[in-house]
Amino acid sequence: MSYHSLKQLPQAQMENLCNSPVGRLATADQLGMPHVIPVCFGVSNGGIFILLDHKPKRTKLTNLKRVRNILENPSVSMIVDHYDSDWTNLWYILVSGVAELLDETSERPLVLDVLKQKYPQYRSMNVYANPMIKIIPNNVLSWTYSTQNN
């Protein structure tokens, strides 16, 4: 297991992180009640961005549980992992940090480009004005299978 900042991740692990289609975002309300949800995400400028998109939702975007939790308690974690029946291919990256809800940011055009390249579905969605979550990592824990772990 290794501790890093996002910028210090080894190249292979950074590629794993950037190319993974889904992560699991963990938030908690002000009382510490956890909430974990799968998310699409992009990595840009040392941060992780999650666009609140138009996939079917039961409430307006800014009233989602993950958003309400971040507004109450900005401490979050997100895990990205890979499972394979061949355990020598196992790995995970756990990012902990502080999240904020962004309505407008100078990073938006670059982040949207990253997200549209990663998720072609976004290319046909009008998402320019959608809020997004930015995670500013303060700790990154990575693990990959190694024969040294035996």
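Given the structure is predicted, the values throughout are model-derived calculations rather than measurements.

S.K.: What am I meant to see in the nonpolar core here?
M.R.: If you look at soluble globular proteins, the nonpolar side chains tend to sit buried side by side. Judged by nonpolar contacts, the single largest core of 35 residues is most densely connected at L25, F41, M78 and I135. When residues of this core are traced back to their parent elements, those giving at least two are β3 (34–39), β5 (47–51), α2 (65–72), β6 (75–82), β7 (91–102), α3 (108–118) and β8 (132–144). For this core, the element with the highest residue contribution is β7, accounting for 5 residues. Residues in contact with F41, not counting those within four places in the same chain, are L17, S20, V22, G23, I48, F49, I50, M78, V80, L115, K118 and Y119.

S.K.: Sorry if this is basic, but what is going on with the pairing of strand β2 (residues 23–28) here?
M.R.: The side chains of a regular strand alternate, first on one face of the sheet and then on the other. Bridge count for β2 against β3 is 6 bridges, and the pairing is antiparallel. In the strand pairing of β3, R24 is matched with P38. In this antiparallel pair of consecutive strands, β2 and β3, the connection spans 5 residues, and G32 shows a positive phi of 90°. Both β2 and β6 contribute to a ladder of 3 bridges, which runs antiparallel. In the sheet register, L25 faces β6, and the bridge partner there is M78.

S.K.: Looking at this structure, how should I read the side chain of S44?
M.R.: If you trace the backbone, S44 turns up in strand β4 (residues 42–44). Residue class for S44 comes out buried when judged on its relative accessible area of 7%. In this structure, S44 is in contact with F49, L110 and V111, ignoring residues within four places of it in sequence.

S.K.: What should I look at first to understand the packing of aromatic side chains in this one?
M.R.: We describe a pair of aromatic rings using the distance from one ring centre to the other and the angle between the two ring planes. Taken as a whole, this structure holds 2 aromatic pairs when the rule is applied. Plain terms: the ring middles of Y92 and W143 are 5.9 Å apart, the flat faces sit at 20° to each other, and that makes the pair stacked. You can see Y92 sitting in strand β7 and its partner W143 sitting in strand β8, a full 51 residues away along the chain. For Y92, a relative accessible area of 23% corresponds to the partly exposed category.

Cut-off values and rules
Residues numbered from 1 in each chain as written. Predicted model: local features only at pLDDT ≥ 70, side-chain atom pairs only at ≥ 80, totals over all residues. Heavy atoms only, no water. Core = buried A, V, L, I, M, F, W, Y, C linked by side-chain atoms within 4.5 Å. Buried < 20%, exposed > 50% of the residue type's maximum accessible area, 1.4 Å probe, protein only. Helix = DSSP H or I, 4+ residues; strand = E, 2+ residues; numbered from the N terminus. Contact = heavy atoms within 4.5 Å. Pairing = 2+ DSSP bridges. Phe/Tyr/Trp six-rings, centres within 6.5 Å; stacked < 30°, edge-to-face > 60°.

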